[in-house]
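Report on the structure
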Amino acid sequence: MSVHKGAPALLSAGTLCAALLLSGCANTAPPAPAAPAGTAAAAASAGDSRPAGAPPGAARGAGGPGEPASSIASAPVPTPGLPGVGPATQAFVPDGTTQALVVTGADSDDDTSTATLYEKDPGGQWIESAGPWPAHNALRGWTADHTAGDLRSPIGVFRLGDAGGRLPDPGSRLPYDQDDEFAISGTGFAGEPLEGSFDHVVAIDYNRVPGRTPLDKERPLGAEKGGGVWIHVDHGGPTHACIALERASLRELIRALDPAKEPVIVMGPAPELAR
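1. Let's talk about the pairing of strand 9 (residues 230–233)
The sheet contact formed by strand 8 (residues 201–204) and strand 9 spans three bridges and is antiparallel. If you follow Val 201 over to strand 9, its bridge partner there is His 232. Relative to strand 10 (residues 243–245), strand 9 runs parallel, the two sharing three bridges. In the strand pairing of strand 10, Val 233 is matched with Leu 245.

2. Remarks on the nonpolar core
Ranked by internal contacts, the top residues of the largest apolar core, which has 29 residues, are Leu 101, Val 202, Ile 204, Ile 231, Ile 243, Leu 253 and Ile 265. The contacts of Ile 243, once residues within four sequence positions are left out, are Val 103, Ala 135, His 136, Asn 137, Trp 142, Ser 153, Ile 204, Trp 230, Ile 231, His 232, Ile 265 and Met 267. Among the nonpolar cores identified, the runner-up in size contains eleven residues, and Ala 100, Tyr 118, Trp 126 and Val 266 belong to it.

3. With respect to the side chain of Arg 219
Relative to the elements of secondary structure, Arg 219 occurs in the loop between strand 8 and strand 9. A polar contact of 3.3 Å, which involves the side chain of Arg 219, links it to the backbone oxygen of Asp 216. Setting aside its immediate chain neighbours within four residues, Arg 219 contacts Asn 207, Gly 226, Gly 227 and Gly 228.

4. Comments concerning unusual backbone geometry
Here Gly 131 and Pro 132 are connected by a cis peptide whose omega angle stands at 0°. Along the chain, Pro 132 turns up in strand 3 (residues 126–136). Although it is not a glycine, Asn 207 sits at a positive phi angle of roughly 50°. Tracing the backbone shows Asn 207 in the loop between strand 8 and strand 9. Judged by relative accessible area, which is 3%, Asn 207 ranks as buried. Unusually for a residue other than glycine, Glu 262 sits at a positive phi of about 45°. Within the secondary structure, Glu 262 is located in the loop between helix 4 (247–256) and strand 11 (264–269).

Cut-offs used in this document
Residues numbered from 1 in each chain as written. Predicted model: local features only at pLDDT ≥ 70, side-chain atom pairs only at ≥ 80, totals over all residues. Heavy atoms only, no water. Pairing = 2+ DSSP bridges. Helix = DSSP H or I, 4+ residues; strand = E, 2+ residues; numbered from the N terminus. Core = buried A, V, L, I, M, F, W, Y, C linked by side-chain atoms within 4.5 Å. Buried < 20%, exposed > 50% of the residue type's maximum accessible area, 1.4 Å probe, protein only. Contact = heavy atoms within 4.5 Å. Polar contact = N/O pair within 3.5 Å; in protein donor to acceptor, adjacent residues only side chain to side chain.

Following this line, the structure appears as C-alpha coordinates:
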(Lines give C-alpha, C1' and ligand atoms only; values in the text may rest on other atoms or scores of the structure.)
Protein backbone atom coordinates (compact mmCIF):
# COMPACT_ATOMS: atom_id res chain seq x y z
CA MET A 1 0.00 0.00 0.00
CA SER A 2 1.30 3.45 -0.90
CA VAL A 3 1.52 6.00 1.89
CA HIS A 4 3.29 8.71 -0.10
CA LYS A 5 1.70 12.14 0.20
CA GLY A 6 2.59 13.25 -3.32
CA ALA A 7 0.75 12.51 -6.56
CA PRO A 8 1.78 8.92 -7.17
CA ALA A 9 2.08 7.42 -10.61
CA LEU A 10 3.23 3.93 -9.73
CA LEU A 11 4.82 1.42 -12.08
CA SER A 12 3.53 -2.05 -12.58
CA ALA A 13 5.94 -4.91 -11.87
CA GLY A 14 6.65 -5.23 -15.58
CA THR A 15 7.23 -1.55 -16.22
CA LEU A 16 9.37 -1.26 -13.10
CA CYS A 17 11.77 -3.86 -14.50
CA ALA A 18 11.89 -1.97 -17.80
CA ALA A 19 12.45 1.32 -16.00
CA LEU A 20 15.34 -0.10 -14.01
CA LEU A 21 17.19 -0.76 -17.26
CA LEU A 22 17.09 3.01 -17.86
CA SER A 23 17.58 4.07 -14.26
CA GLY A 24 20.46 4.73 -11.94
CA CYS A 25 19.59 1.71 -9.85
CA ALA A 26 21.56 -1.54 -10.05
CA ASN A 27 20.93 -3.71 -13.09
CA THR A 28 21.21 -7.46 -13.57
CA ALA A 29 22.55 -7.12 -17.13
CA PRO A 30 26.28 -7.04 -17.92
CA PRO A 31 27.81 -3.63 -18.67
CA ALA A 32 26.91 -2.23 -22.07
CA PRO A 33 28.91 0.27 -24.14
CA ALA A 34 28.34 3.82 -22.97
CA ALA A 35 25.49 5.54 -24.79
CA PRO A 36 26.24 8.69 -26.87
CA ALA A 37 26.31 11.80 -24.72
CA GLY A 38 23.17 13.92 -24.64
CA THR A 39 23.15 17.68 -24.99
CA ALA A 40 24.83 19.87 -22.39
CA ALA A 41 21.67 21.95 -22.17
CA ALA A 42 19.65 18.88 -21.25
CA ALA A 43 22.17 17.91 -18.58
CA ALA A 44 22.02 21.38 -17.08
CA SER A 45 18.22 21.49 -16.89
CA ALA A 46 18.27 18.08 -15.21
CA GLY A 47 19.90 19.62 -12.18
CA ASP A 48 23.57 19.34 -13.07
CA SER A 49 25.64 22.06 -11.37
CA ARG A 50 27.26 23.31 -14.59
CA PRO A 51 25.85 25.58 -17.32
CA ALA A 52 25.15 24.41 -20.84
CA GLY A 53 28.38 24.07 -22.75
CA ALA A 54 30.61 24.74 -19.75
CA PRO A 55 33.55 22.52 -18.80
CA PRO A 56 33.24 20.21 -15.78
CA GLY A 57 33.28 22.10 -12.52
CA ALA A 58 31.83 25.39 -13.81
CA ALA A 59 28.73 26.14 -11.78
CA ARG A 60 25.30 27.26 -12.92
CA GLY A 61 22.14 28.40 -11.13
CA ALA A 62 20.74 26.68 -8.02
CA GLY A 63 18.53 24.60 -8.94
CA GLY A 64 15.46 1.92 15.05
CA PRO A 65 15.81 -0.02 17.36
CA GLY A 66 18.67 -2.47 17.43
CA GLU A 67 20.82 -0.41 15.07
CA PRO A 68 24.36 0.86 15.81
CA ALA A 69 24.72 4.18 17.58
CA SER A 70 24.58 7.30 15.44
CA SER A 71 27.78 8.30 13.71
CA ILE A 72 27.16 11.99 14.46
CA ALA A 73 30.54 13.58 15.12
CA SER A 74 31.25 14.18 18.81
CA ALA A 75 33.35 17.30 18.22
CA PRO A 76 32.35 18.89 14.87
CA VAL A 77 34.64 21.47 13.35
CA PRO A 78 32.78 24.41 11.73
CA THR A 79 33.81 25.50 8.24
CA PRO A 80 32.63 28.47 6.12
CA GLY A 81 31.84 26.27 3.10
CA LEU A 82 31.04 22.63 2.54
CA PRO A 83 34.31 20.71 3.03
CA GLY A 84 35.78 19.59 -0.27
CA VAL A 85 33.35 21.73 -2.25
CA GLY A 86 34.87 24.66 -4.14
CA PRO A 87 33.25 28.04 -4.81
CA ALA A 88 32.00 27.13 -8.29
CA THR A 89 29.82 24.37 -6.84
CA GLN A 90 29.23 25.87 -3.39
CA ALA A 91 27.76 29.04 -4.91
CA PHE A 92 24.90 27.04 -6.40
CA VAL A 93 23.73 25.22 -3.32
CA PRO A 94 20.35 26.96 -2.88
CA ASP A 95 20.39 29.86 -0.43
CA GLY A 96 17.68 28.25 1.71
CA THR A 97 19.50 24.92 2.03
CA THR A 98 20.90 24.16 5.48
CA GLN A 99 21.41 20.40 5.02
CA ALA A 100 23.65 18.80 2.39
CA LEU A 101 24.84 15.26 1.72
CA VAL A 102 28.26 15.44 0.03
CA VAL A 103 29.19 12.29 -1.92
CA THR A 104 32.68 12.22 -3.42
CA GLY A 105 34.71 9.70 -5.36
CA ALA A 106 38.48 9.78 -5.84
CA ASP A 107 38.28 10.38 -9.61
CA SER A 108 35.87 10.34 -12.53
CA ASP A 109 36.18 6.57 -13.09
CA ASP A 110 35.90 5.41 -9.48
CA ASP A 111 32.85 3.32 -8.43
CA THR A 112 33.37 3.79 -4.68
CA SER A 113 32.76 7.00 -2.77
CA THR A 114 32.28 8.56 0.65
CA ALA A 115 29.08 10.25 1.87
CA THR A 116 28.97 12.83 4.66
CA LEU A 117 25.97 14.80 5.92
CA TYR A 118 26.49 18.46 6.82
CA GLU A 119 24.21 21.05 8.41
CA LYS A 120 24.56 24.82 8.45
CA ASP A 121 24.46 26.35 11.91
CA PRO A 122 22.81 29.73 12.72
CA GLY A 123 26.15 31.45 12.12
CA GLY A 124 26.33 30.11 8.55
CA GLN A 125 29.03 27.51 9.22
CA TRP A 126 28.71 24.02 7.73
CA ILE A 127 29.21 21.36 10.41
CA GLU A 128 29.53 17.61 9.90
CA SER A 129 26.43 16.01 11.42
CA ALA A 130 26.61 12.35 10.33
CA GLY A 131 29.01 10.03 8.58
CA PRO A 132 31.34 9.72 6.84
CA TRP A 133 29.83 6.58 5.34
CA PRO A 134 31.30 4.28 2.67
CA ALA A 135 29.23 4.26 -0.52
CA HIS A 136 29.05 2.86 -4.04
CA ASN A 137 28.22 4.82 -7.17
CA ALA A 138 27.99 3.78 -10.82
CA LEU A 139 30.19 1.09 -12.37
CA ARG A 140 32.02 3.50 -14.69
CA GLY A 141 32.21 6.40 -12.26
CA TRP A 142 30.82 9.88 -12.91
CA THR A 143 29.65 12.14 -15.74
CA ALA A 144 28.55 15.74 -16.20
CA ASP A 145 26.19 14.66 -19.02
CA HIS A 146 24.40 11.51 -17.89
CA THR A 147 22.50 9.41 -20.43
CA ALA A 148 20.56 6.20 -19.98
CA GLY A 149 22.84 3.17 -20.00
CA ASP A 150 26.17 5.01 -19.67
CA LEU A 151 26.78 3.36 -16.27
CA ARG A 152 27.92 6.65 -14.73
CA SER A 153 26.43 8.70 -11.90
CA PRO A 154 25.41 12.29 -12.72
CA ILE A 155 27.59 15.06 -11.27
CA GLY A 156 25.83 18.00 -9.70
CA VAL A 157 23.72 19.49 -6.94
CA PHE A 158 20.25 17.92 -6.68
CA ARG A 159 17.42 18.28 -4.20
CA LEU A 160 16.30 15.43 -1.93
CA GLY A 161 12.58 15.55 -1.22
CA ASP A 162 10.95 12.11 -1.50
CA ALA A 163 11.62 8.68 0.00
CA GLY A 164 10.12 5.21 -0.08
CA GLY A 165 10.85 1.53 -0.04
CA ARG A 166 9.58 -2.03 0.27
CA LEU A 167 9.82 -1.88 4.07
CA PRO A 168 7.89 0.42 6.42
CA ASP A 169 8.93 4.00 7.04
CA PRO A 170 11.94 4.00 9.39
CA GLY A 171 11.07 7.46 10.71
CA SER A 172 11.31 9.72 7.66
CA ARG A 173 10.31 13.38 7.75
CA LEU A 174 10.22 13.31 3.95
CA PRO A 175 7.09 11.86 2.29
CA TYR A 176 7.62 8.07 2.31
CA ASP A 177 5.99 5.60 -0.11
CA GLN A 178 5.93 2.03 1.19
CA ASP A 179 5.10 -0.23 -1.73
CA ASP A 180 5.79 -3.81 -2.81
CA GLU A 181 6.82 -2.44 -6.23
CA PHE A 182 10.21 -1.68 -4.66
CA ALA A 183 10.98 -5.42 -4.56
CA ILE A 184 13.92 -6.47 -6.73
CA SER A 185 15.77 -9.71 -7.44
CA GLY A 186 18.66 -10.87 -9.59
CA THR A 187 22.38 -10.13 -9.32
CA GLY A 188 24.58 -7.08 -9.70
CA PHE A 189 27.70 -6.46 -11.75
CA ALA A 190 29.88 -8.43 -9.31
CA GLY A 191 27.39 -11.30 -9.07
CA GLU A 192 26.09 -10.07 -5.72
CA PRO A 193 22.36 -10.50 -4.90
CA LEU A 194 20.23 -7.40 -5.38
CA GLU A 195 17.40 -8.51 -3.11
CA GLY A 196 16.65 -5.86 -0.49
CA SER A 197 18.43 -3.04 -2.33
CA PHE A 198 15.23 -0.99 -2.48
CA ASP A 199 14.02 -1.73 1.05
CA HIS A 200 14.60 2.00 1.61
CA VAL A 201 15.39 4.67 -1.01
CA VAL A 202 15.66 8.44 -1.29
CA ALA A 203 14.94 9.89 -4.73
CA ILE A 204 17.59 12.22 -6.15
CA ASP A 205 15.89 14.97 -8.14
CA TYR A 206 17.59 14.19 -11.43
CA ASN A 207 15.18 14.04 -14.42
CA ARG A 208 12.11 13.46 -12.25
CA VAL A 209 9.07 15.36 -11.03
CA PRO A 210 9.60 16.38 -7.39
CA GLY A 211 6.87 15.64 -4.88
CA ARG A 212 6.04 12.20 -6.24
CA THR A 213 6.89 8.67 -5.17
CA PRO A 214 10.37 7.55 -6.27
CA LEU A 215 8.54 4.95 -8.39
CA ASP A 216 7.06 7.63 -10.64
CA LYS A 217 8.21 7.09 -14.23
CA GLU A 218 7.77 10.56 -15.73
CA ARG A 219 11.07 11.83 -17.19
CA PRO A 220 10.83 15.57 -18.01
CA LEU A 221 14.00 15.48 -20.15
CA GLY A 222 13.02 12.26 -21.91
CA ALA A 223 13.98 8.64 -21.32
CA GLU A 224 17.31 9.06 -23.10
CA LYS A 225 18.60 11.18 -20.20
CA GLY A 226 18.03 8.35 -17.71
CA GLY A 227 16.22 8.60 -14.42
CA GLY A 228 15.33 6.66 -11.31
CA VAL A 229 18.56 7.86 -9.68
CA TRP A 230 18.20 7.02 -5.99
CA ILE A 231 20.12 6.62 -2.78
CA HIS A 232 19.42 3.00 -1.86
CA VAL A 233 20.69 0.08 0.21
CA ASP A 234 24.20 -1.04 -0.78
CA HIS A 235 24.20 -4.56 -2.26
CA GLY A 236 27.98 -4.82 -2.18
CA GLY A 237 28.87 -3.65 -5.68
CA PRO A 238 28.63 -0.73 -8.12
CA THR A 239 25.31 0.64 -9.34
CA HIS A 240 23.82 1.76 -12.63
CA ALA A 241 23.95 5.45 -11.59
CA CYS A 242 22.60 5.48 -8.02
CA ILE A 243 24.36 6.12 -4.73
CA ALA A 244 24.26 3.12 -2.37
CA LEU A 245 24.77 3.25 1.42
CA GLU A 246 24.92 0.45 3.96
CA ARG A 247 21.48 -0.30 5.40
CA ALA A 248 22.01 1.22 8.86
CA SER A 249 23.62 4.34 7.37
CA LEU A 250 20.75 4.85 4.93
CA ARG A 251 18.17 4.49 7.68
CA GLU A 252 20.07 7.06 9.74
CA LEU A 253 20.17 9.41 6.75
CA ILE A 254 16.44 9.02 6.08
CA ARG A 255 15.64 9.91 9.68
CA ALA A 256 17.97 12.91 9.55
CA LEU A 257 16.77 14.52 6.31
CA ASP A 258 14.45 17.42 7.12
CA PRO A 259 12.37 19.06 4.37
CA ALA A 260 12.41 22.32 6.36
CA LYS A 261 16.18 22.42 5.74
CA GLU A 262 15.75 22.04 1.96
CA PRO A 263 18.24 19.16 1.74
CA VAL A 264 20.39 18.56 -1.32
CA ILE A 265 22.98 16.06 -2.46
CA VAL A 266 26.28 17.36 -3.85
CA MET A 267 27.77 14.46 -5.80
CA GLY A 268 30.74 13.83 -8.05
CA PRO A 269 34.47 13.13 -8.16
CA ALA A 270 36.46 15.13 -5.61
CA PRO A 271 38.60 17.05 -8.14
CA GLU A 272 35.52 18.46 -9.89
CA LEU A 273 33.55 19.27 -6.74
CA ALA A 274 36.60 21.12 -5.39
CA ARG A 275 36.60 23.66 -8.23
